[in-house]
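Breakdown of the fold
Listed below are the residues making up each chain.
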Amino acid sequence: SSLFIHKLAVLPAVQGAGVAARMLGFAGARAQTLGKRYVRLDCAAERPKLCTFYERHGFHRVGERTVEGFDVALYEKRIL
């Protein structure tokens, strides 16, 4: 029911140019094409700037958990 983004990385030379936002848009479009209801991801819960970035792009925090000693924030964005 979902497409999961495992890792989103942007080269330092193009950070701030909207590349990550376009990648999230591509993931949403791909999820819709595949008939998925959500795009989901997780990230380090202690990185507030990263969490805010995802929230600005329509993702909602749906939980947290600890994975191998790291606190992880769980996010999803409804597509369909």
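Our structure's up above, just so we're on the same page.
This section reports on the structure supplied with the text. (Residues numbered from 1 in each chain as written. Predicted model: local features only at pLDDT ≥ 70, side-chain atom pairs only at ≥ 80, totals over all residues. Heavy atoms only, no water.)

**Overview of the layout of surface pockets**
Taken as a whole, the largest pocket holds about 660 Å³ of empty space. Around the largest pocket, the lining is made up of 25 residues, and of these L8, A9, R47, L50 and Y54 lie nearest the centre. Where the lining of the largest pocket is concerned, the elements lending two or more residues are β1 (2–5), α1 (19–33), β2 (38–44) and α2 (48–56). Here the element with the most residues in the lining of the largest pocket is α2; it accounts for 5 residues. Each residue belonging to the lining of the largest pocket can be placed in one class, and the counts come to 16 nonpolar, 4 polar and 5 charged. (1 Å grid on protein atoms, 1.4 Å probe; cavity = no way out; pocket = protein on both sides within 12 Å on 5 of 7 lines; lining within 4 Å. Points joined across faces, edges and corners; volume = space filled by probe spheres on them. Helix = DSSP H or I, 4+ residues; strand = E, 2+ residues; numbered from the N terminus. Nonpolar A, V, L, I, M, F, W, Y, C, P; charged D, E, K, R; others polar.)

**What to know about the sheet that holds strand β3 (residues 60–67)**
Spatial strand order, β1-β2-β4-β3: 4 strands in an open sheet with mixed pairing. Lying at the two open borders of the sheet, with one neighbouring strand each, are β1 and β3. Direction aside, neighbouring strands of the sheet carry axes that sit 25° apart on average. Here α1 sits on the sheet in contact with β1 and β2, set at roughly 155° to β1. Against the sheet, α2 contacts β2, β3 and β4 (70–78), and its axis sits at roughly 165° relative to β2. (Pairing = 2+ DSSP bridges. Axes fitted to C-alpha atoms, helices over the stretch in contact; angles between N-to-C directions. Contact = heavy atoms within 4.5 Å.)

**A look at the packing of aromatic side chains**
Think of a pair of aromatic rings as described by two things: how far the centres are apart, and how the planes are tilted against each other in angle. Applying the stated criterion across every chain yields a total of 3 aromatic pairs. Both rings, one in F53 and one in Y54, keep their centres 5.4 Å apart while their planes meet at 65°; by these two values the pair is edge-to-face. On the numbers, 5.9 Å between centres and 70° between planes, the contact of Y54 with F59 is edge-to-face. Here the aromatic residues F53, Y54, F59 and Y75 are joined through ring pairs into a cluster of three or more. Its guanidinium or amino end placed over the ring of Y38, R40 lies 4.4 Å from that ring's centre, counting from NZ or CZ. (Phe/Tyr/Trp six-rings, centres within 6.5 Å; stacked < 30°, edge-to-face > 60°. Lys NZ or Arg CZ within 6 Å of the ring centre and 35° of its normal.)

**Some words on the pairing of β4**
Regular strands place their side chains on alternate faces of the sheet. Here β2 pairs with β4 via 7 bridges, running antiparallel. Bridge pairing in β4 links V39 to K77. Alignment of β3 against β4, held across 7 bridges, turns out to be antiparallel. Counted as the bridge partner of T66 is D71 from β4.

**Brief notes about α2**
For α2, the set of buried residues is C51, F53 and Y54. Seen from one end, α2 has its buried residues packed into an arc of 155°, which puts them on one side. Projecting away from the buried face of α2 at angles above 90 degrees are the exposed residues P48, K49 and R56. Against the buried residues of α2 lie α1, β2, β3 and β4. Just past α2, the residue G58 takes up positive phi, approximately 90°. (Buried < 20%, exposed > 50% of the residue type's maximum accessible area, 1.4 Å probe, protein only. Arc of directions from axis to C-beta.)

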